[in-house]
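Below, each chain spelled out in residue letters.
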Amino acid sequence: MRILLLILLPIFIFSNSVLGLVSDFQKEFYSPEKKIKVSFQFKNGKIQYAVFYKEKSVLENGELGIVTKEDNLSIFQDVKISERQFNNIWKPVWGQSSEIKEAYTELCLELTSVSNNRKLNVFLRAYDDGFAFRYEVPKQNRLNKINIISEESAFDFVGKYICWWNWADYNTLEKTYFNTPLDSAKHVATPFTLEGQNGVFVSVHESAILDYSTMTLLQDSTRKNLFKVNLVPWSDGILVKTKKTVCSPWRAFIFGDKPGDLIQSNLILNLNEPCKIKDVSWIQPILYSGIWWEMHLGISTWKEGLKHGATTENAKKYIDFASENGIKGILIEGWNTGWENWGEKDAFDFTTASSDFNLKEVVSYANSKGVEIIGHHETGGDTESYEKHVKKAFKMYHKLGIRIVKTGYAGPVTPIGENHHGQRMVQHYNRIMKLAAKYEIMLDVHEPIVLSGLSRTYPNLMTAEGVRGMEWNAWSEGNTPSHTCILPFTRGIAGPIDYTAGIFDIDLSNFANQRVKWNGLDIGKTAVHSTLSNQLALLVILYSPLQMAADLPENYKNHPAFKCIQQLPATWDETIVLDAKIGEYVIIARRYNLTWFIAAITNEIGRDLEITFPNLNQNIPYKSSYFLDGKDAHFEENPESYLIEEKINETTLKKTIKLAPGGGFVILLEPIN
Ligand code: NOJ
Ligand code: CA
């Protein structure tokens, strides 16, 4: 395991060129290697910007400003400009690579509004892989309350695009994606990803959502390439409420020449503050399993009763399985009382175990076997209740030695009337993240607000759902193979995904006679729409530092393909996207120490994928294990057909591999000692 210490390498900061107060002007600035050019002008009191990627015009007529109930901060009488350069390499505690380069040029515009002489600072940054800007209303005289009623940020894409998007929804992120021309994208959630006719790929998202509401993008009714930031409101219609000062998230644009550049970009993380947790030695990425899929399948229940899943006995069975198979953690859902009241106010008790579950006994059994217990807090969305009890609950877990907690917000949030993605919930999630850090607890947040790279600052915020994940395959028409070929380029841009793949009993036949329908979306023909090798590949492709192998121990036991999962690291030193077409296929190579995993998935269409991989250390002999689709595999007709092949001493991989419809593969390359 990599030493999980945050070591900061030398930082170089050069501050320079203060232009001072200016009236109408035009100016350009560049990213450090000049891949991005930003030009902007101050004219008639308005700021407008345009952005170029490798000299191709991507954004124009960009507008800036915010309007509060008190002031109009979008028309200005003067501006003071300063510029600085920043260059740094930092090491994340966990992630897709062990070192991250952070280099940018930043312009600070200190603006004074026409109305009431108010101050507004706008920071614009050009990185070589993207552009971003944010607002800050600094403290100033006679300003004690800020109520934002409009964020004026708008951007106009230049040229023609197709895009991948889902409908903006103020309450859920568990959606399927559309792939349409830009014209049809009326109101979108972010990350919002586009492919230009000029060959430029763009992903739009926000970074560092601290005390603000989350953003959706609203298309202009006539100019279809023009999008305005639309913030999720409070129940009284105000968008953001603060006292004295406010700092918006960064409005961020990642650019690339190919889809893989979007995945390899660290822009969203880079726009966040460095780590604020001094000792990070307790933060450890792991592969986990747990009492979870059986409830979603309707084999057992969360609530206590004859079919209760979280019994002491069942927990011990999972712990035994984990300790015998190198799985580091076991999630236990349904361990506490209150599930019988799910949906009601104050339903859950976060500290009292059900009568058939002995928490202390289970934790000490897990300790004796070297397995972590992952605690669970389902709130049903009742944040008011959770806020009352969470401190005590974290204290209890900390005392018991439980270091990971999965939280959930499945249900309408309280206070009633507030939106799930509004500022009130942002405040809630960030408060819980900081409290968890205090009690040395790592978090896996389900039904979260969209991730925005905060795990750079608080690396105990490990992973989140916020995706139409595996559970939908257990009780609805399920997810298509295309869905998972879109996720790395959309939801994945925001941060780690707790998708929970790795299902081997794909047609769900093994326990069919024990299943009881519990969810209204279940139309009785449920299955996981992928091949078995696709399930293995998803564990490599959809990154999460808490990576769940979600199937039941019985389905893994003695299965030859399980050894692929057992070897899987939850953090990587290097990630290379070898090839991809958004929504069609993805091939990713990831390295941990000297071991490589190369994984690919495809959509509903089977295909031959060519792999050229010269990156192996030529001085070391390697063993290659191929986990492939069987010759007759098909995601609906024959999903469990797979093939394993082993080879010794391959030095350079250059081959064509066949993927079944809805299929995939993993190549595990291990040095031979
Ligand atoms: C929804 C979560 O996404 C899922 O993982 C969890 O099992 C249920 N809520 C119950 O908490
Ligand atoms: Ca969910």
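Residues numbered from 1 in each chain as written. Chains lettered and ligands numbered in written order. Predicted model: local features only at pLDDT ≥ 70, side-chain atom pairs only at ≥ 80, totals over all residues. Heavy atoms only, no water.

## Section: the packing of helix H6 (residues 383-400) against helix H7 (residues 423-438)
Here's step 1: Two numbers describe how H6 lies on H7: the axes approach to 11 Å, and their chain directions differ by 5°. Relative to H7, the element H6 is oriented roughly parallel. Residues Thr383, Glu384, Tyr386, Glu387, Val390, Lys391 and Phe394 of H6 form the contact with H7, whose own contacting residues are Arg424, Met425, His428, Arg431, Ile432, Leu435 and Ala436. (Axes fitted to C-alpha atoms, helices over the stretch in contact; angles between N-to-C directions. Helix = DSSP H or I, 4+ residues; strand = E, 2+ residues; numbered from the N terminus. Parallel < 35°, antiparallel > 145°, perpendicular 65-115°, else oblique. Contact = heavy atoms within 4.5 Å.)

## Considering the packing of aromatic side chains
The geometry of an aromatic ring pair comes down to the distance between the two centres and the angle between the two planes.
Here's step 1: Overall, the coordinates contain 38 aromatic pairs when judged by the stated rule.
Here's step 2: Here phenylalanine 25 and phenylalanine 40 contribute two aromatic rings whose centre-to-centre distance is 5.7 Å and whose plane-to-plane angle is 90°, an arrangement assigned as edge-to-face. On the criterion of sequence distance, the pair formed by phenylalanine 25 in strand S2 (residues 25-30) and phenylalanine 40 in strand S3 (residues 36-43) is long-range, its members being 15 residues apart.
Here's step 3: Cluster of aromatic residues (ring-pair linked, three or more members): Tyr49, Phe131, Phe133, Tyr135, Phe155, Phe157, Tyr161, Phe192, Phe227 and Phe253. (Phe/Tyr/Trp six-rings, centres within 6.5 Å; stacked < 30°, edge-to-face > 60°.)

## Section: the coordination of the calcium ion (ligand 2)
Reference values for angles at a metal are 109.5 degrees in the four-donor tetrahedral case and 90 or 180 degrees in the six-donor octahedral case.
Here's step 1: In this structure, Glu174 (OE), Glu447 (OE), Glu465 (OE), Glu465 (OE) and Glu471 (OE) serve as the protein donors to the calcium ion (ligand 2), at separations of 2.3 to 2.6 Å.
Here's step 2: Around the calcium ion (ligand 2) sit six donor atoms, and with donor-metal-donor angles ranging over 52 to 155° the site reads as irregular.
Here's step 3: Between the donor residues of the calcium ion (ligand 2), the gaps in sequence give the motif E-x272-E-x17-E-x5-E. Highlighted residues: glutamate 174 in the loop between strand S14 (161-165) and strand S15 (178-181) and glutamate 447 in the loop between strand S28 (442-445) and strand S29 (461-464), separated in sequence by 273 residues. For the pair shown, glutamate 174 and glutamate 447 are each scored as buried. (Donors = N, O, S within 2.8 Å, 3.2 Å for Na, K, Ca; no water. Tetrahedral: all angles 85-135°; square planar, octahedral: opposite > 155°, others 65-115°. Buried < 20%, exposed > 50% of the residue type's maximum accessible area, 1.4 Å probe, protein only.)

## Some thoughts on the pattern of salt bridges
Here's step 1: Under the defined criterion, the tally for this structure stands at 35 salt bridges.
Here's step 2: Taking the shortest distance from any N to any O, the salt bridge between arginine 84 and glutamate 106 comes out at 3.0 Å. Of this pair, arginine 84 sits in strand S8 (residues 76-90) while glutamate 106 sits in strand S9 (residues 100-113); the two residues are 22 residues apart in sequence, bridging distant segments of the chain.
Here's step 3: For the salt bridge of arginine 251 with glutamate 206, the shortest nitrogen-to-oxygen distance reads 2.8 Å. Taken as a pair, arginine 251 in strand S23 (residues 250-256) and glutamate 206 in strand S18 (residues 201-207) lie far apart in primary sequence, 45 residues in all.
Here's step 4: For arginine 251, a relative accessible area of 1% translates into the label buried.
Here's step 5: With a relative accessible area of 0%, glutamate 206 lands in the buried category.
Here's step 6: A single salt-bridge network, built from bridges that share partners, covers Glu33, Lys35 and Lys101. (Salt bridge = Lys/Arg side-chain N within 4 Å of Asp/Glu carboxyl O.)

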